[in-house]
Protein chains: 2
Amino acid sequence: MLTYSFEHLEGESLYEHLYRCIRRDILAGRLQAGEKLPSKRSLARQLGISVITVEGAYGQLVAEGYCQSVPKKGFFVARVMGLPQKSSRRMETAVERETPRPKYLADFTANSLPPEDFPFKTWARLLRQVIAGQPAALLERSPGVGILSLRQSIAAHLKSFRGLEVSPEQIVIGAGTEYLYSLLVQLLGREKRFGVENPGYDKIRKVYHGHGVDCVPVDMDEDGIRIDALTAQHVDILHISPSHHFPTGCITPISRRYGLLGWVSAAPGRCIIEDDYDSEFRLTGRPIPTMMGIDVGGRVIYMNTFAKTLTPTIRISYMVLPEQLVREFHEKLGFYSCTVSNFEQYTLARFIQDGYFEKHINRMRNSYRKRREALLKAMKAGGLLARADILERGSGLHFLLRFHTQKSDEQLEQELAAHGIRMRPLRDYYAGEAPAARHIFVLNYSGMEASVLPEAIARITACLGA
Amino acid sequence: MLTYSFEHLEGESLYEHLYRCIRRDILAGRLQAGEKLPSKRSLARQLGISVITVEGAYGQLVAEGYCQSVPKKGFFVARVMGLPQKSSRRMETAVERETPRPKYLADFTANSLPPEDFPFKTWARLLRQVIAGQPAALLERSPGVGILSLRQSIAAHLKSFRGLEVSPEQIVIGAGTEYLYSLLVQLLGREKRFGVENPGYDKIRKVYHGHGVDCVPVDMDEDGIRIDALTAQHVDILHISPSHHFPTGCITPISRRYGLLGWVSAAPGRCIIEDDYDSEFRLTGRPIPTMMGIDVGGRVIYMNTFAKTLTPTIRISYMVLPEQLVREFHEKLGFYSCTVSNFEQYTLARFIQDGYFEKHINRMRNSYRKRREALLKAMKAGGLLARADILERGSGLHFLLRFHTQKSDEQLEQELAAHGIRMRPLRDYYAGEAPAARHIFVLNYSGMEASVLPEAIARITACLGA
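Residues numbered from 1 in each chain as written. Chains lettered and ligands numbered in written order. Predicted model: local features only at pLDDT ≥ 70, side-chain atom pairs only at ≥ 80, totals over all residues. Heavy atoms only, no water.

Re the overall build of chain A
Check the secondary structure of chain A and you find 17 helices and 16 strands. Taken along its principal axes, the extent of the C-alpha atoms in chain A is 85 × 65 × 45 Å. At a minimum sequence separation of 6, the contacts of chain A that also span at least 24 residues come to 71%. Side chains of chain A give 60 positive and 51 negative charges; the mean places of these two sets differ by 4 Å. (Helix = DSSP H or I, 4+ residues; strand = E, 2+ residues; numbered from the N terminus. Contact = heavy atoms within 4.5 Å. Lys, Arg positive; Asp, Glu negative; His and termini not counted. Charge placed at Lys NZ, Arg CZ, Asp CG, Glu CD.)

Given below as structure tokens:
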């Protein structure tokens, strides 16, 4: 049934508006070729408009070839020129992606920040100050690598949080790490062979493949990337998260780090991309020093993001180039404009400089710790701890759970979903077979509300079966 | 001298506030390593606070390593953060790029917006409303193609300003057109041969080359791209700005447009990227319909940006895919996150929906028209019109000037620069030889202040020689 709102006409006549609504549905494939339109009379009644109005709209649709009038039968959607034969499916797929995800009782894959955790007031106030205080600077083109004061603030943050001493000139700001990967492909050369972690975060491989780069998964053991695998696969550029691997939580110990630095310096053209995406949120143990910090050969590129510490919906990430690459970057890629808005660059710079970022991280760390504790408590109370082992690595915002169950991972995932629980099996993060991942699931608890936990845990426990 | 305001304490103690202000100045490089801080007593007197307060702030700065206390001498800024100990040649090169451009009396290459022309008040108010009104939506991940309400607003804008009827599902938002080019390379295939306009905007070719794509300059005549050149060079993907070519201002007439559409539909896999970057600012004549609007084959991708209409420092551009490509886009590139911050996407959506964008464009058009008239008037008054021909094509924010001079373009450009006038010869925009471009210069007047014009025109006239 066609239902359209006539509230926002914006100066259009009723007939024009109706014509446009129907046409849009035809173009979007919501009305398919051959489909019968409601009779003029019934549509008029349904929408509370006159038959003349519907007549006008149908008339124009026929005149433009979107519909056909079949005498004594009514109006039918025509096969529109320019739309492919199977057009409807095509657009439906696209349209589906617009619809929000199904609502779960508990989504252990989500990475969202509860609104109360984002410092809206401070952010809005700093933004206001930036707009009032430096209007001219806001309209002045940012250097391609980002505005200086933000890079200075990040350098200071890296020193105090990661013990990493870098100069603002080494820093490149970009709209998300995915964008920065594309800059790195251009900087390091697309003829290089890239290696990513197996298991690992699949999107990284997708971005490299999207840029036409040969990218292979490299096997890990419990200490991180296996050096023999690296050599056997002739990797040039290694992309890793040694301080907190996703999703296993594995932390590459210092001996393996030196092993990797040995590998990277053994041949020219090799490079390590150190993705430090959530190091701020390690909840246990001492912070792990960065690989860039112990590398003297200038072969490590450090990368981090404000997606985890602030919100993924402010698109600001950065990378730190070794000094050897700074000049090459400017020569090869200096023509690019910065992809982050000045307004947000200046606001974030102030947010860091004035100490709010530090406060915010501390607050978030407490908030995540509480969520973690609430989850553990609920798991214990609900009897889930007797049916599962927590594989604990001191990781930040998620952990791994090995279920005691006879069910296959696929079956369990589906049954959980049917009961309103979304959870991904570890197997999903592997390229190829992964017998060791059996029965292990990834639980991201960063956005989990305590109130749903008892019910969620009960459902999970029930799904495990006898 | 340190001067800080104590008006906006926001719950901080005086000492905390002072500590934070000084720390910020140190981190931002406004207070440099080795610099002496004022004595506690004098700073207290100057700021109208107690010595104890200053003592508390200095104490904390010393404890955290930002300052050093030297007995009997006072407090000094310590060497903190990543300011490099050793300044290598390499880094100096990078640092040079940080330094602002030399100041010219008149820069006819700049594309900046005078701060009084940007609607700061409205923008700030809408931003505030967005933050107050929909905090949860701001933290919810945007679809990869951008938030729906912004795409809806853009679709409505395209309809009313360009007569282009598209569905929001066809629109992809990205952080700048350069970023969108990279998506198009991935979507259309990097094995394709891309063609760009000769003469043309060099950055487009650089971006394609950066992505490892075979990209050739295609010769133009006075109606736009020459079809024979296109065929001879085996171009698959043609990137053009048919409604207003930069820098010549050439407008491709309807007959050539159909010729290009004939070319694009004559072989599978061909495609036209229609870059409509400043169509809002045509000052004369009727608006030119888009190529996408007359294409029935689904081979034209439309692209535009808010860089010209708002400011280049808010990084929002968009493209409109033909319906045939929408599904392919989602399948191939659906994994990418949107590169524009939610905060600015929602603000811009409101800005368009509430009619401010239309008002702003009209105001800017008037403003540019005034700048253009002022420039013409000054050229006449200064006698420059007797020494140069304006090559007028009804273009938006610049025009071409052919000087009557014996000097070479290179010599003239250098002499102008030496006299504080920045101007680029048309020759710079050509690949290869360009005898027809001789003595022609590009004058961008969009940011030109009327007050400097008489002097600027006098200097230009003097540089032309006898």
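What to know about the interface of chain B and chain A
Counting residues at the interface gives 74 residues for chain B and 88 residues for chain A. Between chain B and chain A the total buried area reaches about 7500 Å² when both faces are included, carbon and sulfur atoms providing 60% of it. Viewed at the interface, chain A and chain B are joined by four salt bridges. Asp354(A) is paired through a salt bridge with Arg24(B); the nearest N and O atoms lie 2.9 Å apart. Among the elements that line the side of chain B that touches chain A, the one with the most residues is helix 4 (residues 89–98) of chain B, at seven residues. (Buried area = accessible area lost by both parts, 1.4 Å probe. Salt bridge = Lys/Arg side-chain N within 4 Å of Asp/Glu carboxyl O.)

Looking at the sheet that holds strand 9 (residues 271–275) of chain B
All names here are of chain B. An order of 4-11-10-9-8-5-6-7 is seen for the eight strands of this open sheet, with the pairing classed as mixed. A strand with exactly one partner marks an edge of an open sheet, and here the two such strands are strand 4 (171–174) and strand 7 (224–225). Note that strand 8 (residues 237–240) and strand 9 share four bridges and pair parallel. Residue pairing in the sheet places Leu238 in a bridge with Ile272 of strand 9. Contacts from helix 7 (residues 148–162) reach strand 4, strand 10 (300–305) and strand 11 (317–320) within the one sheet, and its direction differs from that of strand 4 by about 110 degrees. (Pairing = 2+ DSSP bridges. Axes fitted to C-alpha atoms, helices over the stretch in contact; angles between N-to-C directions.)

A few points about the pattern of salt bridges
A side chain with one charge can pair with a side chain of the opposite charge if their charged atoms come near. Per the counting criterion, the structure on display carries 41 salt bridges over all chains. For Asp354(A), the salt bridge identified is with Arg350(A), shortest N-O distance 3.2 Å. Taken as a pair, Asp354(A) and Arg350(A) share a single burial class, namely buried. Of the charged contacts in the structure, one is a salt bridge between Asp428(A) and Arg427(A), with a shortest N-O distance of 3.6 Å. Judged by its relative accessible area of 28%, Asp428(A) is partly exposed. Among the ionic contacts, a cluster of salt bridges with common partners joins Arg20(A), Arg23(A) and Glu165(B). (Buried < 20%, exposed > 50% of the residue type's maximum accessible area, 1.4 Å probe, protein only.)

A closer look at helix 1 (residues 14–27) of chain B
Residues three or four positions apart in an α-helix share a direction because the helix packs 3.6 residues into each turn. Residues and elements named next belong to chain B. Its 14 residues place the ends of helix 1 20 Å apart at the C-alpha level, agreeing with the 20 Å of an ideal helix rising 1.5 Å per residue. The element helix 1 is extensively covered by neighbouring structure, given that eleven of its 14 residues are classed as buried. Among the residues making up helix 1, those that are buried are His17, Leu18, Tyr19, Arg20, Cys21, Ile22, Arg23, Arg24, Asp25, Ile26 and Leu27. Immediately beyond the C-terminal end of helix 1, within one or two residues, lies Gly29, with a positive phi of roughly 80 degrees. (Expected span 1.5 Å × (residues − 1).)

A look at the pairing of strand 10 (residues 300–305) of chain A
Residues and elements named next belong to chain A. Of all the six residues making up strand 10, six are buried; the element is thus mostly covered by neighbouring parts of the structure. Here strand 10 shows a buried face lined by Val300, Tyr302 and Asn304 and a second buried face lined by Ile301, Met303 and Thr305. The sheet contact formed by strand 9 (residues 271–275) and strand 10 spans four bridges and is parallel. Directly across from Glu274, in strand 10, lies its bridge partner Tyr302. Inspection of the sheet shows strand 10 paired to strand 11 (residues 317–320) by four bridges, in the antiparallel sense.

Focus on the sheet that holds strand 15 (residues 424–425) of chain A
Residues and elements named next belong to chain A. Overall, antiparallel pairing links the four strands, which are arranged 12-13-16-15 in an open sheet. Each edge of the open sheet is held by one strand with a lone partner, namely strand 12 (388–391) and strand 15. Pairing between strand 13 (residues 398–403) and strand 16 (residues 440–444): five bridges, direction antiparallel. The partner of His398 across the bridge, within strand 16, is Asn444. Along the sheet, helix 15 (residues 356–381) contacts strand 12, strand 13 and strand 16; its crossing angle with strand 13, the most-contacted strand, is approximately 15 degrees.

Considering the side chain of His239(B)
Residue and element names in this part refer to chain B. With respect to the helices and strands, His239 occurs in strand 8. A distance of 2.9 Å separates a polar atom in the side chain of His239 from a polar atom in the side chain of Asp275. Setting aside its immediate chain neighbours within four residues, His239 contacts Tyr181, Gly195, Val196, Glu197, Ile204, Tyr208, Ile273 and Asp275. (Polar contact = N/O pair within 3.5 Å; in protein donor to acceptor, adjacent residues only side chain to side chain.)

Digging into the packing of helix 8 (residues 177–188) of chain B against helix 9 (residues 202–210) of chain B
All names here are of chain B. The contact between helix 8 and helix 9 brings their axes to 10 Å, and the two run at 45 degrees. Relative to helix 9, the element helix 8 is oriented oblique. Viewed along their axes, helix 8 and helix 9 form a crossing whose handedness is right-handed. Every residue of helix 9 that contacts helix 8 at Glu178, Tyr181 and Val185 is listed here: Lys203, Ile204, Val207 and Tyr208. In terms of residue class, the contact of helix 8 with helix 9 is built from five nonpolar, no polar and two charged. (Parallel < 35°, antiparallel > 145°, perpendicular 65-115°, else oblique. Left-handed = near helix turned anticlockwise from the far one by under 90°. Nonpolar A, V, L, I, M, F, W, Y, C, P; charged D, E, K, R; others polar.)

Distances and angles like these do not, on their own, reveal function.
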